[in-house]
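The residues making up each chain are set out below.
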Amino acid sequence: MGIQYLTVYAFSTENWNRPKDEVDALMKLLRNYMKTCLKTAEKNRMCVRVIGDKTGLAEDIRLRIAELEEATRNNDGLHFQIALNYGGRDEIRRVARRIAEKTAAGELRPEEITEEYISDMLDTGGLPEPDLLIRTCNEQRISNFLLWQLAYTEFYVTPVAWPDFTKEELIKAVEAYNHRDRRYGGVKEE
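A few words on the packing of helix H1 (residues 20–44) against helix H2 (residues 59–72). Geometry of a packed helix pair, given as the angle between the helix axes and the separation of the axes. At their nearest, the axes of H1 and H2 sit 10 Å apart, and the two run at 15 degrees to each other. Relative to H2, the element H1 is oriented roughly parallel. Between H1 and H2 lies a crossing whose hand is left-handed. Between H1, through Met 27, Leu 30, Arg 31, Met 34, Lys 35, Cys 37, Leu 38 and Ala 41, and H2, the contact on the second element is made entirely by Asp 60, Ile 61, Arg 64, Ile 65, Leu 68, Ala 71 and Thr 72. Within the contact of H1 with H2, the residues separate by chemical class into 10 nonpolar, 1 polar and 4 charged.

Following this line, the structure appears as structure tokens:
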């Protein structure tokens, strides 16, 4: 079985702190990508979902995201998530705020706040948690990415930079993952 779910961290909440000309260039790249993404998604039957705080993005980008998600929602190929204006801490803050609002309005009782409830409220609600996180450039941190969801994710670190990360490099990562003993906190059975 091949990869069914893939999430790419494209633009973090911290990226807004970059120089304006750099942010403008990144937004231009995003607009260009959004033009071709629908064709690629349709061709490959990909279901595309954008996670992150979309309210911080320009209106034309938000409209393209909505069109893309709606047009691909029933596709049965790869489930492709793009993290835009995303930060793990921000995601948890947004969920905590919604939970507090629902509790204050009497729509939610404190005992109903379970791990499953929180998981469903996250941007990735309804998606499986990641099995594998690939970090390029020998980075040894998660960089504010999917903080809740990575609890039992396996990490693969490679010195290869993202632009040079080829299909062969992906195969190496998957092969390394396939040799892992995943116990989710349990004891290995002999």
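So, next bit.
Here we take up the nonpolar core. Formed by 17 residues in total, the largest nonpolar core has its most connected members in Met 27, Leu 30, Val 48, Ile 61, Ile 65, Ile 82 and Leu 84. Elements that contribute at least two residues to this core include exactly H1, strand S2 (47–51), H2 and strand S3 (79–86). Here this core takes 6 residues from H1, the largest share from any one element. Counting 7 residues, the second-largest nonpolar core is a separate cluster that includes Ala 83, Tyr 86, Leu 133 and Phe 145.

The strand order S1-S3-S2 describes an open sheet built from 3 strands, whose pairing is parallel. One side of each edge strand has no neighbouring strand; the edge strands of this open sheet are strand S1 (5–12) and S2. When strand polarity is set aside, the average angle formed by the axes of neighbouring strands in this sheet is 20 degrees. Here 5 bridges tie S2 to S3, and the two strands are oriented parallel to one another. The residue bridging Val 48 from the neighbouring strand is Phe 80, located in S3. In the packing of H2 onto the sheet, contacts are made with S2 and S3, and the angle to S2 comes to roughly 145 degrees.

Among the secondary structure elements, Arg 31 is positioned in helix H1. For Arg 31, a relative accessible area of 28% translates into the label partly exposed. In this structure, Arg 31 is in contact with Ala 58, Asp 60 and Ile 61, ignoring residues within four places of it in sequence.

Here we come to the layout of surface pockets. One number sums up the size of the second largest pocket: a volume of about 180 Å³. Lining the second largest pocket we find Cys 47, Val 48, Arg 49, Glu 69, Glu 70, Arg 73, His 79, Gln 81 and Leu 127. If you list the elements that add at least two residues to the lining of the second largest pocket, you get S2, H2 and S3. By residue number, the principal contributor to the lining of the second largest pocket is S2, which donates 3 residues. Residue classes in the lining of the second largest pocket are distributed as 3 nonpolar, 2 polar and 4 charged.

By secondary structure assignment, the location of Thr 72 is in helix H2. Classification of Thr 72 as buried rests on a relative accessible area of 0%. A polar contact of 2.9 Å, which involves the side chain of Thr 72, links it to the backbone oxygen of Leu 68. Those residues within four positions of Thr 72 in sequence are excluded, and the remaining contacts are Leu 38, Ala 41, Met 46, Cys 47 and Val 48.

Reading the values: rules and limits
- Residues numbered from 1 in each chain as written.
- Predicted model: local features only at pLDDT ≥ 70, side-chain atom pairs only at ≥ 80, totals over all residues.
- Heavy atoms only, no water.
- Axes fitted to C-alpha atoms, helices over the stretch in contact; angles between N-to-C directions.
- Helix = DSSP H or I, 4+ residues; strand = E, 2+ residues; numbered from the N terminus.
- Parallel < 35°, antiparallel > 145°, perpendicular 65-115°, else oblique.
- Left-handed = near helix turned anticlockwise from the far one by under 90°.
- Contact = heavy atoms within 4.5 Å.
- Nonpolar A, V, L, I, M, F, W, Y, C, P; charged D, E, K, R; others polar.
- Core = buried A, V, L, I, M, F, W, Y, C linked by side-chain atoms within 4.5 Å.
- Buried < 20%, exposed > 50% of the residue type's maximum accessible area, 1.4 Å probe, protein only.
- Pairing = 2+ DSSP bridges.
- 1 Å grid on protein atoms, 1.4 Å probe; cavity = no way out; pocket = protein on both sides within 12 Å on 5 of 7 lines; lining within 4 Å.
- Points joined across faces, edges and corners; volume = space filled by probe spheres on them.
- Polar contact = N/O pair within 3.5 Å; in protein donor to acceptor, adjacent residues only side chain to side chain.

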